[in-house]
Amino acid sequence: KEDAEDGTALIQFASTVRRGSGAEAVQFRVDPLTGQQTRINPARARRPKQGVDDQMDESFTKVIESSKGRCPFCPERILSSVPRFQDASIGKDDGRVKCGQTLIFPNLSPFGEHHAVAVISDAHFLGIEELSSAKAVETILSDALNASVSYVRAVAGKDHTAHVWPTLIWNYLPPSAGSIIHPHFQMLVEHEGAPEVNSLIEKSAAYFKEHKRNYWHDLIKTEKAKSERFLYENESVAVMTSFAPRGFNEVLFVLPHLTSVADMTQTDVKNLSHALIKAIDGYRLVGVGSFNLASFSAPPKSSADSNNSNNDNNNSSSSSNNNNDSNDNNNEAESFALTFRLFSRPFPRGVYTNDTGPMERMYNAFVIDSVPETLAADMRAAFQ
């Protein structure tokens, strides 16, 4: 292929426009790596909706105020309300992990292994305007990400033979499936990757095997050359809108020199936080009121590195590994890249907490709070 040397001709953005019985055209787009199909029709954003306008109505404002008085994550209650880690090597700050305003502790209602919550701010509510403008928020996000990296490293370092797959998610407000308004992240460290993460790693490896190039590096070069979706770049992260998004208003963050959340340095965290704030400010401009953030991460580059302190002395591009999975990790270092996806959710209106979050929307993993056998027992009388 003509531009195979720089990778810009290897990635094909396939899009077909089709019309049915109506006048509106629908774009059928195919993700160049996964083959996933996305259907886009901008006219759907203007279709009649029997609901209120995209403004934070009085009912949701009341929810914010009323929830503050009983919020377990507010500073006056958090230390007496949330649990501690039983393992002192994980919870080094009185059974928790602390960095700035961030406090990490076990999730009382987990949907995965080593599932933790990170309360990231003393403030009960941070609006989009606050998240997108204040310099202090960059510090809040950096502290939250640094604390999350420390937690992942502590778990992976202690139990590196089993639990090494990190996931970081941020559900911002109830429409994103956030059950508590107070700003918080969630982290999981598990013995296997989520289905979509495994698929991305496998397809990235297949691309590398065929082209002897890293797909994510080629994607950055191609999007920069095309420029229509490329938004921003610093020394750690490249930011663009996704060609074939899974979520509304999806923004893709690619950290091309990393493969795992656990390998992020303080510089990487600062640069990612800076890019996130720019993206949230972009959301403010287009009228987004709620969102999810989801990471797509491989295991740490080596179990030994999981115990290192979070500082810039770590060599994030190293592929050296001393554990039994060294070949797999070396392959990932060549073919994969750590990514995050930010996508919008419906505007908050104080009605309900959404029953789908990043696990369903991004990871092809489904979190359910009812047992099928119990449901059958409860319904059986209706079928008699």
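In this report, the structure presented in the accompanying data block is examined. Please read all numbers here as calculations on a predicted model, not as lab measurements.

Observations regarding the packing of aromatic side chains
Tallying each qualifying case throughout the model produces 11 aromatic pairs. An aromatic cluster is defined as three or more aromatic residues linked by ring pairs; in this entry it consists of W170, Y172, F185, Y283 and F291. Above the face of the F28 ring, R18 is positioned so that its terminal group lies 4.3 Å from the ring centre. The ring of F296 carries R341 above its face, with NZ or CZ at 5.4 Å from the centroid.

Some thoughts on the nonpolar core
The biggest cluster of nonpolar side chains holds 54 residues, and the ones touching the most others in it are Y151, W170, F185, F253 and F340. Looking at which element gives the most residues to this core, the answer is helix α4 (residues 135-158), with 11 residues. Apart from the residues within four sequence positions on either side, W170 is in contact with I120, L131, L141, H184, F185, I280, F291, N292 and L293. Ranked by size, the runner-up nonpolar core spans 31 residues in total, among them V197, Y215, I220 and A294.

Here's the deal with the pattern of salt bridges
All told, the structure shown has nine salt bridges when counted by the stated rule. E76 is the salt-bridge partner of R77, the closest N and O atoms lying 3.5 Å from each other. With a relative accessible area of 22%, R77 lands in the partly exposed category. E233 serves as the salt-bridge partner of K224, at 2.8 Å between the closest nitrogen and oxygen. Taking relative accessible area as the criterion, E233 reaches 37% and is therefore assigned partly exposed. Linked by salt bridges that have partners in common, E223, E228 and R229 make up one network.

Overview of the pairing of strand β6 (residues 116-119)
The alternating pattern of β6 places A116 and A118 on one face and V117 and V119 on the opposite face, and all of these are buried. Bridging between strand β5 (residues 102-106) and β6 involves four bridges; their strand directions are antiparallel. Bridge pairing in β6 places P106 opposite A116. By the bridge criterion, four bridges tie β6 to strand β8 (residues 184-190) in an arrangement that is antiparallel. In the strand pairing of β8, A118 is matched with F185.

Focus: unusual backbone geometry
The phi angle at S227 is positive, at roughly 70°, despite the residue not being glycine. By relative accessible area, S227 is classed as partly exposed at 48%. With a phi close to 50°, N249 is a non-glycine residue in the positive phi region. Here N249 lies in strand β11 (residues 248-255).

Concerning the environment of A194
Checked against the element boundaries, A194 lands in the loop between β8 and α5 (195-211). Using a relative accessible area of 13% as the deciding quantity, one classes A194 as buried. Considering only alpha carbons, one finds A194 and M362, 168 residues apart in sequence, at a separation of 9.5 Å.

Considerations on helix α1 (residues 58-68)
The α-helix winds at 3.6 residues per turn, so residues separated by three or four positions along the chain end up facing the same way. The complete set of buried residues in α1 reads F60, I64 and S67. The buried residues of α1 all sit within an arc of 80° when viewed along its axis, so they share a single face. Seen from the buried face of α1, the exposed residues on the opposite side, beyond 90 degrees, are E58, K62 and E65.

As for the packing of α4 against helix α7 (residues 266-286)
The interhelical angle for the contact between α4 and α7, taken along N-to-C directions, is 135°, at an axis separation of 9 Å. Compared by their axis directions, α4 and α7 come out oblique. Seen from above, α4 lies across α7 with right-handed handedness. Residues V137, E138, L141, S142, L145, N146 and V149 of α4 form the contact with α7, whose participating residues are Q266, V269, K270, L272, S273, H274, L276 and I277. Considering only residue class, the contact of α4 with α7 consists of eight nonpolar, five polar and two charged.

So, the sheet that holds β8
Spatial strand order, β4-β5-β6-β8-β7-β12-β13-β11-β10-β9: 10 strands in an open sheet with antiparallel pairing. Of all the strands in the sheet, just β4 (97-99) and β9 (230-233) have a single pairing partner and so form its edges. For this sheet, the mean angle separating the axes of adjacent strands, direction not counted, is 15°. Bridge count between β4 and β5: three bridges; the pairing is antiparallel. In the strand pairing of β5, V97 is matched with I104. Relative to the sheet, α4 contacts β4, β5, β6, β7 (165-172) and β8, its axis offset from that of β8 by approximately 20°.

What counts and what doesn't
- Residues numbered from 1 in each chain as written.
- Predicted model: local features only at pLDDT ≥ 70, side-chain atom pairs only at ≥ 80, totals over all residues.
- Heavy atoms only, no water.
- Phe/Tyr/Trp six-rings, centres within 6.5 Å; stacked < 30°, edge-to-face > 60°.
- Lys NZ or Arg CZ within 6 Å of the ring centre and 35° of its normal.
- Core = buried A, V, L, I, M, F, W, Y, C linked by side-chain atoms within 4.5 Å.
- Buried < 20%, exposed > 50% of the residue type's maximum accessible area, 1.4 Å probe, protein only.
- Helix = DSSP H or I, 4+ residues; strand = E, 2+ residues; numbered from the N terminus.
- Contact = heavy atoms within 4.5 Å.
- Salt bridge = Lys/Arg side-chain N within 4 Å of Asp/Glu carboxyl O.
- Pairing = 2+ DSSP bridges.
- Arc of directions from axis to C-beta.
- Axes fitted to C-alpha atoms, helices over the stretch in contact; angles between N-to-C directions.
- Parallel < 35°, antiparallel > 145°, perpendicular 65-115°, else oblique.
- Left-handed = near helix turned anticlockwise from the far one by under 90°.
- Nonpolar A, V, L, I, M, F, W, Y, C, P; charged D, E, K, R; others polar.

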